[in-house]
Amino acid sequence: MHELSIAEAIVEHADGLARADGATAVSAVRVRVGELSGVVPDALDFAFEVAREGTSLAGARLVVEQVTAVAYCGPCGEEFAVGMPPFFWCPRCDRPSQELRCGRELEITGIDAVPDGAT
């Protein structure tokens, strides 16, 4: 399960961001996960619970925003969801799409840090 190594990286990065801001703990980490990123959100959530133990994120929750994969068709200008499994054929002009606009994201978008001395 590669989600565990991803969760460990999220915990490490969020901890570094919190410490840089003078915080001692993190209450939440927000991430965006694209439909085609290869990451299963439920598995990531489970792995996050394991990875956060014994860190400044021990009480933190993971908030996952799932991003739908969207392709763009240059010839007709149509944007369309590609679905799972992905299908990159334009529903409007019946041509293959050459451009994926979104759906591969895997990024931290924010953390809720607990300031030093706060309970």
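Residues numbered from 1 in each chain as written. Predicted model: local features only at pLDDT ≥ 70, side-chain atom pairs only at ≥ 80, totals over all residues. Heavy atoms only, no water.

- An unreviewed UniProt entry annotates the chain as Hydrogenase maturation factor HypA of Streptomyces anandii.
- The Function (unreviewed entry) comment attached to the chain in UniProt states, word for word, "Involved in the maturation of [NiFe] hydrogenases. Required for nickel insertion into the metal center of the hydrogenase."
- Under the heading Sequence similarities (unreviewed entry), UniProt records this for the chain: "Belongs to the HypA/HybF family." (UniProt positions renumbered as here; feature names shortened; annotations may be inferred.)

**Some words on the UniProt feature "binding site: Ni(2+)" (unreviewed entry) in the chain**
Right, so step 1: The UniProt feature table records "binding site: Ni(2+)" (unreviewed entry) at His 2.
Right, so step 2: Mapped onto the fold, His 2 is located in the segment before α1 (3-20).
Right, so step 3: What makes His 2 partly exposed here is its relative accessible area of 41%.
Right, so step 4: Every residue in contact with His 2, bar those within four places of it in the chain, is listed here: Gly 38 and Val 39. (Helix = DSSP H or I, 4+ residues; strand = E, 2+ residues; numbered from the N terminus. Buried < 20%, exposed > 50% of the residue type's maximum accessible area, 1.4 Å probe, protein only. Contact = heavy atoms within 4.5 Å.)

**Examining the environment of Arg 95**
Right, so step 1: The topology assignment puts Arg 95 in the loop between β4 (79-81) and β5 (99-102).
Right, so step 2: Taking the C-alpha atoms as reference, Arg 95 lies 9.1 Å from Cys 76; in sequence the two are 19 residues apart.
Right, so step 3: Among all residues touching Arg 95, those that are not within four sequence positions of it are Pro 75, Phe 88, Trp 89 and Cys 90.

**A few points about the pairing of strand β1 (residues 23-34)**
Right, so step 1: The pairing of β1 with strand β6 (residues 106-115) spans nine bridges and is classified as antiparallel. Paired with Ala 23 across the bridge in β6 is Pro 115.
Right, so step 2: Where β1 and strand β2 (residues 61-67) come together, seven bridges link them in parallel fashion. Pairing of Arg 32 across the sheet is with Glu 65, part of β2.
Right, so step 3: With helix α2 (residues 41-52) bridging β1 and its parallel neighbour β2, the resulting β-α-β unit is right-handed. (Pairing = 2+ DSSP bridges. Right-handed = clockwise from strand over helix to strand, strands pointing away.)

**Quick word on α2**
The α-helix winds at 3.6 residues per turn, so residues separated by three or four positions along the chain end up facing the same way.
Right, so step 1: A rise of 1.5 Å per residue sets the reference length of α2, with its 12 residues, at 16 Å; its end C-alpha atoms lie 16 Å apart and thus fit the reference within 8%.
Right, so step 2: Within the sequence span of α2, burial applies to Pro 41, Ala 43, Leu 44, Ala 47, Phe 48, Ala 51 and Arg 52. Angularly, the buried residues of α2 cover 155 degrees about the axis, an arc narrow enough to put them on a single face.
Right, so step 3: Looking at the packing, one finds that the buried side of α2 touches α1, β1 and β2.
Right, so step 4: Downstream of α2 by a residue or two, Gly 54 has a phi angle that is positive, lying close to 75 degrees. (Expected span 1.5 Å × (residues − 1). Arc of directions from axis to C-beta.)

**Some words on the UniProt feature "binding site: Zn(2+)" (unreviewed entry) in the chain**
Right, so step 1: As annotated by UniProt and renumbered to match this structure, "binding site: Zn(2+)" (unreviewed entry) occupies Cys 73, Cys 76, Cys 90 and Cys 93. Taken together, the annotated residues stretch across 21 residues yet fold into one region, lying no more than 8.8 Å apart by C-alpha.
Right, so step 2: Note that Cys 73 resides in the loop between β3 (70-72) and β4.
Right, so step 3: Once residues lying within four places of it in the same chain are set aside, the contact partners of Cys 73 are Glu 78, Phe 80, Cys 90, Cys 93 and Ser 97.

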